[in-house]
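# Coordinate inspection notes
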Amino acid sequence: MRTDTIAAIATAMSNAGIGIVRISGSEAVSIADRIFRMGKSVSSGPKKKLAEMPTHTIHYGYIADGEDVLDEVMLLLMKGPKSYTREDTVEIDCHGGVYVTKRILETVIKYGARPAEPGEFTKRAFLNGRIDLSQAESVIDVIHAKNEFALKSSIRQLSGSVAEAVGNIRGKILHEIAYIESALDDPEHISLDGYEERLTDTMDAVEGTIQKLLSDSDNGRILKEGISTVLVGKPNAGKSSLLNTLVGEERAIVTEIAGTTRDVIEEQINLNGIILNVTDTAGIRETEDVVEKIGVEKAKQYLSDADLIIYVADSSTKLDENDYDILNQLKNRAAVILLNKSDLQTVTTAEDIQNCVDNSFEQVPAIISVSAKEKKGISELTEQIKNMFLTGEVDFNDEVFITNVRHKSALQEALQSLRLVRQSIEDGMPEDFFSIDLMNAYEELGSIVGEAVEDDLVNEIFSKFCMGK
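Now for a description of the structure that goes with this document. (Residues numbered from 1 in each chain as written. Predicted model: local features only at pLDDT ≥ 70, side-chain atom pairs only at ≥ 80, totals over all residues. Heavy atoms only, no water.)

### A few points about the nonpolar core
- In this structure, Ile173, Ile210 and Leu438 are the most contacted members of the largest nonpolar core, which totals 31 residues.
- A per-element tally of this core places helix H6 (residues 161-185) first, with eight residues.
- Here Ile210 is in contact with Ile169, Leu411, Ala414, Leu415 and Leu418, once residues within four sequence places are set aside. (Core = buried A, V, L, I, M, F, W, Y, C linked by side-chain atoms within 4.5 Å. Buried < 20%, exposed > 50% of the residue type's maximum accessible area, 1.4 Å probe, protein only. Helix = DSSP H or I, 4+ residues; strand = E, 2+ residues; numbered from the N terminus. Contact = heavy atoms within 4.5 Å.)

Below is the structure:
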């Protein structure tokens, strides 16, 4: 890794109240000393040196390029290793205009820094041992958090919850590897008699922990990314009205004419802390209209791929073949049935729906009476979705949620290696076979926290960060 000094704007490029230019590296303080004039006046007395100041202090003054004064600033001095990157770090808090912030960055670069690459500050924190790779990845999750659940989960990971959980598992695996290797090297003093039974007990505990992390990963994905949700129903059942109600604005065109929606409309909705990635689709029915037929086929495709299906039925009309066709596609799927237009005279009831599905469904989806027009029944829908996708109350005090696809894949690979250990025990294989698969599991888990990962993977992870993070 290059150890030169880097700089970047750490705030959004906009005319905000404050802009921050961040500098990190061995020359950070000396570069700042060349351009910072401490005190109430640029020309007031002998220039004080930042290098002589104690760490973690804030200083008032001006940034100047030679005789050209650029801005009045506050400067934060953080000497390594007690900084985000474990290097000398300086942050210049200037006025938030786009031009002045950019001009200060250009001056910092002119006096010896180079522009930081995306995510390079956090990358240095990782490479310098301040944080592990799972914590580094959680930084970007904090930045992109879309709800309270996602934020709390990301903060937990940033504090090291994933690393701690993985470290505990790896510690148990490493103990068994060391025992096997020691016994094979010194059989006179270390016996392997009855070891298979003890190793089986360890495998039970370790596999159980990994399976718990994997089973909770669906919760983690939902907390982080949201639930892929599709609205389906016949034309004019009220899907678009429901979407508008959930979004809180007229996002979809609503008319009395059936078949108004012909293409998909996608929206992300925060439903009391749960993110729904909602797709409103064309009404499903038999049609000869070429354009509408394409929309119907798209609707069926989205239906097959969704995490959650919300079937909107018109309670003011009778069920017909189109409804029966949709209901048939809800078998063994996560679905909610909404009997819309409860503000009108009811023709189709929840009992009518149940009579249609009782004989063919293992479990009848929840049926909720709603009125998209009058915004009734939405709270019941919210609670139902929470019950379906969040297994009990989410407790962030001790729960570890795997929200990263890379982490989940590594856990799956580790679990597969542990199952090979169990198979070797059952087949009566020599103990050195156990050691090979145990080491594979140990290394897979190590990749989560950044041990023995390829440089290309590290570069790919940090390339997703913004320039100043």
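### A closer look at the sheet that holds strand S8 (residues 227-232)
- Spatial strand order, S9-S10-S8-S11-S12-S13: six strands in an open sheet with mixed pairing. Strand pairing shows two members of the sheet lacking a second neighbour, strand S9 (265-271) and strand S13 (366-369), which therefore form its edges. Within this sheet the neighbouring strands show an average axis-to-axis angle of 25 degrees, counted without direction.
- Where S8 meets strand S10 (residues 274-280), five bridges bridge the pair, whose relative direction is parallel. Among the inter-strand pairings, Val230 is bridged to a residue of S10, identified as Thr279. (Pairing = 2+ DSSP bridges. Axes fitted to C-alpha atoms, helices over the stretch in contact; angles between N-to-C directions.)

### A look at the packing of aromatic side chains
- Applying the stated criterion across every chain, the model contains two aromatic pairs.
- Judged by centre distance (5.3 Å) and plane angle (15 degrees), the ring pair of Tyr179 and Tyr195 falls under stacked. Of this pair, Tyr179 sits in helix H6 while Tyr195 sits in helix H7 (residues 195-225); the two residues are 16 residues apart in sequence, bridging distant segments of the chain.
- For Tyr179, a relative accessible area of 23% translates into the label partly exposed. (Phe/Tyr/Trp six-rings, centres within 6.5 Å; stacked < 30°, edge-to-face > 60°.)

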